[in-house]
Amino acid sequence: MPRRCQRYVIQRMLGTVVGRQAEPMPSSMPRRTLIIGTTGSGKTTLARRLAEGWQLPYAEQDAWNHLPGWQEAPQEAFRAQVDAFTAGPAWVMDGNYTKAHDLGLARADTLIWLDYPAGVVFWQLLRRTLRRMSSREELWNGNREEWRTFLSRNNILLWFFKTHWQRRRTTPTLLAQYPHLHVVRLRSPREREVWLRALYS
């Protein structure tokens, strides 16, 4: 285990971070971590940081779901990708896809839920979307966010309004079905940064 991870475990067992109550963690480092949260909450950014810090394989479910031309991957093919990745002994993965919940949630030992207020997520998502459209950033399999999709019924901001409050209501019930999971619920970007500072201190 890297030395900084050993320090992190000790800090969590003590239960305080930067003068406030810490988000509890297991007594050993997570080996299989799933990160969930509303579109735009920062799942991928956090997952990459953790995978790098813990030196573990990382996967983004969006990359498996969005085929060229924004075509949705067949469910069987998508599940096969999730199945193969999560069969590994240690990993970090992000994604909310219900069609693979039974794989990711069942095999993870730790779940990080980015449960931010709607206003916070909306502005993060808006800034991210405008930046991606302006820079023509490639996302997955040649796909890019474009003005024509931004103005369509597939607008990602509309998806946010459709799913944000629904997921906040249903996630506790969903997680109750997987009592083996250690759940870290972060309620703001500030809590996330406090949590990460403890990890890398």
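Quick note: structure is the one above.
Predicted model, so just to flag it, every value in this text is computed and none were measured. (Residues numbered from 1 in each chain as written. Predicted model: local features only at pLDDT ≥ 70, side-chain atom pairs only at ≥ 80, totals over all residues. Heavy atoms only, no water.)

Draft legend 1. Representation of the overall build of the protein chain. Within the protein chain one finds nine helices and nine strands. In the protein chain, buried positions account for 46% of the 201 residues. Nonlocal contacts in the protein chain, meaning residues at least 24 apart in sequence, comprise 74% of its contacts between residues at least 6 apart. (Helix = DSSP H or I, 4+ residues; strand = E, 2+ residues; numbered from the N terminus. Buried < 20%, exposed > 50% of the residue type's maximum accessible area, 1.4 Å probe, protein only. Contact = heavy atoms within 4.5 Å.)

Draft legend 2. Quick peek at the pattern of salt bridges. Applying the stated criterion across every chain, the model contains 14 salt bridges. Between R49 and E193 there is a salt bridge, with the nearest N and O atoms lying 3.3 Å from each other. Here the residue R49 occupies a position in helix α2 (residues 43-54), and E193 occupies one in helix α9 (residues 189-200), the gap between them amounting to 144 residues. Residue class for R49 comes out partly exposed when judged on its relative accessible area of 31%. Note on E193: relative accessible area 23%, which makes it partly exposed. Connected through salt bridges with shared partners, the residues D115, R168, R185 and R187 form a single ionic network. (Salt bridge = Lys/Arg side-chain N within 4 Å of Asp/Glu carboxyl O.)

Draft legend 3. Representation of helix α6 (residues 118-135) in the model. For α6, with 18 residues, the first-to-last C-alpha span of 26 Å sits near the 26 Å given by 1.5 Å per residue. Of all the residues in α6, the buried ones are A118, V121, F122, Q124, L125, L126, T129, R132 and M133. (Expected span 1.5 Å × (residues − 1).)

Draft legend 4. Summary view of unusual backbone geometry. A positive phi angle is found at R136, which is not glycine, with a value near 60°. By the element assignment, R136 lies in the loop between α6 and α7 (147-150). Look at R136 and you get partly exposed, because its relative accessible area is 43%. Although it is not a glycine, N141 adopts a positive phi angle of roughly 55°. Structurally, the position occupied by N141 is in the loop between α6 and α7.

Draft legend 5. Structural view of the side chain of T163. The topology assignment puts T163 in helix α8 (residues 156-176). Engagement of the side chain of T163 in a polar contact is seen with the backbone oxygen of W159, the distance being 2.8 Å. (Polar contact = N/O pair within 3.5 Å; in protein donor to acceptor, adjacent residues only side chain to side chain.)

Draft legend 6. Seen up close, the packing of aromatic side chains. Applying the stated criterion across every chain yields a total of ten aromatic pairs. Through pairs of rings, three or more aromatic residues link up here, namely F122, W123, F160, F161 and W165. The residue whose ring lies beneath K99 is F78, and the NZ or CZ to ring-centre distance is 4.7 Å. (Phe/Tyr/Trp six-rings, centres within 6.5 Å; stacked < 30°, edge-to-face > 60°. Lys NZ or Arg CZ within 6 Å of the ring centre and 35° of its normal.)

Draft legend 7. Spatial organisation of the nonpolar core. By size, the foremost hydrophobic cluster in this structure holds 25 residues, and its most contacted members are I35, L46, L50, I112 and W195. When contributions to this core are tallied by element, the ones reaching two or more residues are α2, β8 (110-114), α6, α8, β9 (182-186) and α9. Not counting chain neighbours up to four residues away, the residues in contact with I35 comprise K43, L46, A47, L50, V92, M93, D94, G95, I112 and L114. Ranked by size, the runner-up nonpolar core spans 21 residues in total, among them L34, I36, W64 and F85. (Core = buried A, V, L, I, M, F, W, Y, C linked by side-chain atoms within 4.5 Å.)

Draft legend 8. Looking closely at the environment of W54. Along the polypeptide, W54 turns up in helix α2. Taking the C-alpha atoms as reference points, W54 and R31, 23 residues apart in sequence, are found 9.0 Å from one another.

Draft legend 9. Inspection of the pairing of strand β3 (residues 32-37) at higher detail. Counting buried positions along β3 gives five out of six residues, so the element sits mostly inside the fold. One ladder, built from four bridges, connects β3 with strand β7 (residues 91-94); its direction is parallel. Bridge pairing links L34 to M93 in β7. (Pairing = 2+ DSSP bridges.)

Draft legend 10. View of the environment of P117. Its place among the elements puts P117 in the loop between β8 and α6. Taking C-alpha positions, P117 is 7.4 Å from R187, a pair spaced 70 residues apart along the chain. Those residues in contact with P117 that sit more than four places away from it in its chain are H164, R168 and R187.

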